[in-house]
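Commentary on secondary and tertiary structure
Chain by chain, the residues:
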Amino acid sequence: MSRWNNAKLVVFALAAGACVQAAAQTAKPLYPGVGRAATNAEIAAWDIDVRGDLKGLPPGSGSVSRGETLWEAKCTSCHGSFGESNQMFPPLIGGITPEDIKTGRVAALAKGGEQRTTVMKLSRISTLWDYINRAMPWNAPKTLTADEVYALTAYLLNQGNIVPDSFVLSDKNMAEVQARLPNRNGLTRDHGLWDTRGKPDVSAKACMKNCGPEPRITSSLPDHARGSHGDFVEQNRLFGPVRAVSLSGGAAVAAVTPPAAAPAADPAQALAVKAGCMACHTAKQRGIGPAFAEIAAKYRADSGAENKLMAKVKSGGQGVWGNIPMPPFANLQEQDLRTLVRWILKTE
Amino acid sequence: MNSKPAAPTGQVRPAPEDRRGFLKKSLTLSGGAVAALAGAGVARAQGDPAILKLPAHSTGLGQPVAARGYGMPSEFEKNLQRRESPGLTRAGQSSVAFTPLQGLFGIITPNGLHFERHHQGWWDIDPRQHRLMVHGLVRESRIYNMDDLMRLPSVSRIHFIECGANTGMEWGNVAVPTVQYTHGMLSCCEFTGVPLSKLLEHCGADIKKGRYVLAEGADGSGLTRTIGMDRALDDVIVAWGMNGEFLRPENGYPLRLVVPGVQGVSWVKWLRRLEVGDKPWDTREETLHYIDLMPDGLHRQYSSVQECKSVITTPSGGQVLLNKGQYNVTGLAWSGRGRVRRVDVSFDGGRNWKEARLENPVLTKALTRFNIDWVWNGGPAILQSRAIDDTGYVQPKIAQLRAVRGTRSIYHNNAIQSWLVAANGEVSNVQVE
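Below is a short write-up of the structure.

What follows covers the overall build of chain A. For chain A, the count of helices and strands is 15 helices and 6 strands. Residue burial in chain A is summarised as follows: out of 348 residues, 43% are buried. Within chain A, contacts between residues separated by at least 24 positions form 58% of all contacts whose residues are at least 6 apart in sequence.

Printed below as a string of structure tokens:
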């Protein structure tokens, strides 16, 4: 609106009397000039959530077999071929029975003792679809098409024996699958920990004197576990009335010495941490992927190793070190990629 | 003569810097004995070299202003770092770094030591490109950039943030050695931002039909949590400020949700979207994680409130007392339901309790610092603290929690913490009944 128009409005209001002025005041916008209307395209681009009642689910479909192909290419490196791997994340599949599918309650959850898999806890089919869609694959989230998400969801459900091998999952039959989820009746909101006025479920009293029987120690850390979280000496202040217990033996109390200057961080190593390489690789020990030292040893005599490995990191690979595929790291800058590969090839 | 029992004093073990023991000799030997000491002994007996010999910083020129454009802690404080719990997770992008509570004072967590929990790694987002969308059951869906948000009426409030899984490793038994790992998914900052209620009002949210708000992050995980409308209109903040500066990237720069009293996962970082709806969303962090397994096999969903809790931070596990005598035992107390009314401390494993001093300020849904004097007589002791909030709720013992919730809940363990002080001064993590 132009300055002139504004001026004209004011003049109009002044001339029209108190009644109109009051009306203009109630219509006065809150926080004028702040923000703008969202376009439909903008809302569509971001409003990706699928709710428990399946509101927001886009049309599409995918078969178990297509899901299997996608799974092998994009998911096995973290979750294993059948979603059962425990190496990188807790397992997705395992621990349910045909009886659970009938009752909608996973019996093993009440027994305890077993590791809780995703499919044991899964109570909403929307959760699986929504999370794969928004957050997977781990290093390239939001790159799957809706049909791919249906296919991957179908594959996981098949691995959990919830749908047959020939199944095609789509927006049309998601609700039917919901009715087969083994833990569909396993959630409760009947507690006081959500509502702002909720009532606590545990109630204690504040006794002050001679309370209860003589206390008995029921749990403490075994000696061998005391060092599980590193050297306390490096985790406490070097002065003051309490010091760190020294676990290294000898002097029971750490000597007061100024901390040594931290070794300058290797930029290539920092890059490897940042890019997520260290989730599967270490310098010396084989983990999910080969140790960097193994890679360096294998390619030591190969003059073209640098370019070969750069291509492999960029586009992913499988078969050289075993069946677990290496996911592609397509977003790495050329220069960072070269720095990383040179650093890996130098590992001894 | 009235014979008060002598206050326990005496070295349990030498501080390393005192290993020559000059002070002990000079202060405890009688005049005659001192006179008997010859040569070097006499020279030492004259006093502490740290006093007698002027140090370089008293006799030289120090550093100029702005030598460090952004100041850093002293070189001597380097041990206080955020740390991961080894073996807890495989990938650093989906992990936790714990705050070193064992070395902090007061109630404010320094920004560089605020605990970290990411689901798919952190980013340093260009604030000029960051947008917040508000839509759903609103009169008008709106887009705000940072410039827009910072024109709105702001508030600054001090609140604690605690991960729902804090102390989660200790449900069944003692699992970790120090307070950094038992309680370090806990921080407290002054947050600055616009109340969510103002944004909802600005967009004309239908608060009758729209009883829930979904918050979504802009990171790879696109983390989503449902907030009830009553809470959203109460004290939730869309925040950009943290202890006087902008949020740190690890804590959601440039925009995060602050949901006072509620577990950290709801404080969505890198906040990009708020949707008003008529039902809760049942997102992954509401149906597969952040759900509390009860003994009957049911999972409690939307368990959000961080109930009243406290912990002694000094002395605590992995530390050692050097001397008998006076100590200032200190710790933190907090409640997701309001203010801390009182903190009691026991030195005998919970048989007898004394009321601790509360340091000011005592704020709602904020950490509260407590202190109590303790004269250690050199014998074994079990230290505990117990907080009571202004609703009258008393922090329970671990046995009381287990009686209702079992040992596999993972989340919301607000049990009384016990630290065993051994006769040699070493402090360790124990559970008592």
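That shown, we press on.
This part is about the environment of His229(A). For His229(A), the location among the structural elements is in the loop between strand 5 (217-220) and strand 6 (242-244). In contact with His229(A), other than residues within four places in its own chain, are Gln235(A), Ser85(B), Pro86(B), Val176(B), Pro177(B) and Tyr181(B). Engagement of the side chain of His229(A) in a polar contact is seen with the side chain of Ser228(A), the distance being 2.8 Å.

To continue, consider the environment of Arg197(A). Within the secondary structure layout, Arg197(A) lies in the loop between strand 4 (187-188) and strand 5. According to the relative accessible area criterion, Arg197(A) is exposed, its value standing at 60%.

For the rest of this paragraph, the subject is the layout of surface pockets. All names here are of chain B. Each pocket or cavity is described by its volume, and for the second largest pocket that value is around 510 Å³. Forming the boundary of the second largest pocket are 21 residues, of which Met-72, Pro-73, Leu-80, Gly-112 and Leu-113 lie nearest the centre. Taken together, the residues that form the lining of the second largest pocket break down as 9 nonpolar, 5 polar and 7 charged.

Looking now at the environment of Gly261(B). Residue and element names in this part refer to chain B. Tracing the backbone through its elements, the reader meets Gly-261 in the loop between strand 11 (256-258) and strand 12 (271-277). Of the residues examined, Gly-261 reaches a relative accessible area of 0% and is grouped as buried. It is 8.4 Å that separates the C-alpha atoms of Gly-261 and Glu-162, two residues lying 99 residues apart in sequence. Leave out the neighbours within four places in its chain, and Gly-261 touches Phe-160, Ser-304, Val-305, Gln-306, Gly-336 and Lys-365.

What follows is about unusual backbone geometry. Of note, the amide linkage connecting Tyr253(B) to Pro254(B) takes the cis form, showing an omega dihedral of 5°. Along the chain, the position of Pro254(B) falls in the loop between strand 10 (245-246) and strand 11. The phi angle at Asn210(A) is positive, at roughly 45°, despite the residue not being glycine. Mapped onto the elements, Asn210(A) comes out in the loop between strand 4 and strand 5. Of note in the backbone geometry, Asp282(B) takes a positive phi value of approximately 60° without being a glycine. Here Asp282(B) lies in the loop between strand 12 and helix 10 (284-287). Judged by its relative accessible area of 4%, Asp282(B) is buried.

A few words on the interface of chain B and chain A. In this assembly, 127 residues from chain B lie in contact with 116 residues from chain A. For the pair chain B and chain A, the summed buried surface comes to about 10,200 Å²; carbon and sulfur atoms form 54% of the total. Here Arg124(A) ties to Asp282(B) by a salt bridge, and the two come within 2.7 Å at their closest N and O atoms. Seen at the junction of chain B and chain A, the total is 63 residue pairs in polar contact (both at pLDDT 80 or more). Classifying every residue of the side of chain B that touches chain A gives 46 nonpolar, 39 polar and 42 charged. When strand 1 (residues 36-37) of chain A meets strand 4 (residues 142-145) of chain B, the two strands line up antiparallel, connected through 2 bridges. Residue Arg36(A) lies in a different strand from strand 4 of chain B, and its bridge partner there is Ile143(B).

Right, let's get into the state of the cysteines. Residue and element names in this part refer to chain A. Applying the stated criterion to the full structure yields 1 disulfide over all chains. A disulfide bridge connects Cys-207 with Cys-211, and the sulfur atoms are separated by 2.1 Å. Taking the torsion about the sulfur-sulfur bond, which here is approximately -95°, the covalent link between Cys-207 and Cys-211 counts as left-handed.

What follows concerns the side chain of Thr347(A). Residues and elements named next belong to chain A. Of note, Thr-347 is situated in the segment after helix 15 (334-345). Of the polar contacts made by the side chain of Thr-347, one reaches the backbone oxygen of Trp-343; its length is 3.4 Å. When near neighbours in sequence (up to four residues on either side) are disregarded, Thr-347 contacts Ala-283, Phe-292, Ala-293, Ala-296 and Arg-300.

When strand 3 (residues 131-136) of chain B meets strand 4 of chain B, the two strands line up antiparallel, connected through 4 bridges. Looking across to strand 4 of chain B, one finds that Leu132(B) is bridged to Tyr144(B).

Another aspect to go through is empty space enclosed by the protein. Residue and element names in this part refer to chain B. Per the counting criterion, the structure on display carries 6 cavities of 30 Å³ or more. The computed volume of the largest cavity comes to approximately 240 Å³. Arg-117, Arg-256, Gly-264, Val-265 and Lys-269 are the residues nearest the centre of the largest cavity, which is lined by 20 residues in total. Residues of the lining of the largest cavity, tallied by class, amount to 9 nonpolar, 6 polar and 5 charged. In this model, the second largest cavity occupies a volume close to 60 Å³. Taken together, Leu-101, Leu-104, Phe-105, Gly-106, Ile-107, Ile-108, Thr-109, Leu-332, Leu-367 and Arg-369 make up the full set of residues lining the second largest cavity. Counted by class, the lining of the second largest cavity contains 7 nonpolar, 2 polar and 1 charged residues. Composition of the lining of the second largest cavity by domain shows at least three residues from each of domain 2 (92-300) and domain 3 (309-430).

It is worth spelling out the packing of helix 14 (residues 305-315) of chain A against helix 15 of chain A at this point. Residues and elements named next belong to chain A. One way to put it is that helix 14 packs onto helix 15 with a least axis distance of 9 Å and a crossing angle of 120°. By the angle between their directions, the pair helix 14 and helix 15 is classed as oblique. Our pair here, helix 14 against helix 15, has a crossing hand that is right-handed. When helix 14 is examined against helix 15, the residues Ala-305, Glu-306, Asn-307, Leu-309, Met-310, Val-313 and Lys-314 are found in contact with a partner set consisting of Glu-334, Leu-337, Arg-338, Val-341, Arg-342 and Leu-345.

Attention shifts here to the pairing of strand 18 (residues 340-346) of chain B. Residue and element names in this part refer to chain B. Counting buried positions along strand 18 gives 5 out of 7 residues, so the element sits mostly inside the fold. Strand direction decides the pairing type here: strand 18 and strand 19 (residues 354-355), joined by 2 bridges, are antiparallel. Across the sheet, the residue bridging to Asp-344 is Glu-355, located in strand 19.

Quick look at the sheet that holds strand 20 (residues 357-358) of chain B now. Residues and elements named next belong to chain B. With antiparallel pairing, 4 strands are arranged side by side in an open sheet as 15-17-21-20. Each edge of the open sheet is held by one strand with a lone partner, namely strand 15 (309-314) and strand 20. Pairing of strand 20 with strand 21 (residues 368-376), which is carried by 2 bridges, proceeds in the antiparallel orientation. Bridging across to strand 21, Arg-357 finds its partner in Asn-371.

Cut-off values and rules
Residues numbered from 1 in each chain as written. Chains lettered and ligands numbered in written order. Predicted model: local features only at pLDDT ≥ 70, side-chain atom pairs only at ≥ 80, totals over all residues. Heavy atoms only, no water. Helix = DSSP H or I, 4+ residues; strand = E, 2+ residues; numbered from the N terminus. Buried < 20%, exposed > 50% of the residue type's maximum accessible area, 1.4 Å probe, protein only. Contact = heavy atoms within 4.5 Å. Polar contact = N/O pair within 3.5 Å; in protein donor to acceptor, adjacent residues only side chain to side chain. 1 Å grid on protein atoms, 1.4 Å probe; cavity = no way out; pocket = protein on both sides within 12 Å on 5 of 7 lines; lining within 4 Å. Points joined across faces, edges and corners; volume = space filled by probe spheres on them. Nonpolar A, V, L, I, M, F, W, Y, C, P; charged D, E, K, R; others polar. Buried area = accessible area lost by both parts, 1.4 Å probe. Salt bridge = Lys/Arg side-chain N within 4 Å of Asp/Glu carboxyl O. Pairing = 2+ DSSP bridges. Disulfide = S-S within 2.5 Å. Domains from an automatic or database assignment. Axes fitted to C-alpha atoms, helices over the stretch in contact; angles between N-to-C directions. Parallel < 35°, antiparallel > 145°, perpendicular 65-115°, else oblique. Left-handed = near helix turned anticlockwise from the far one by under 90°.

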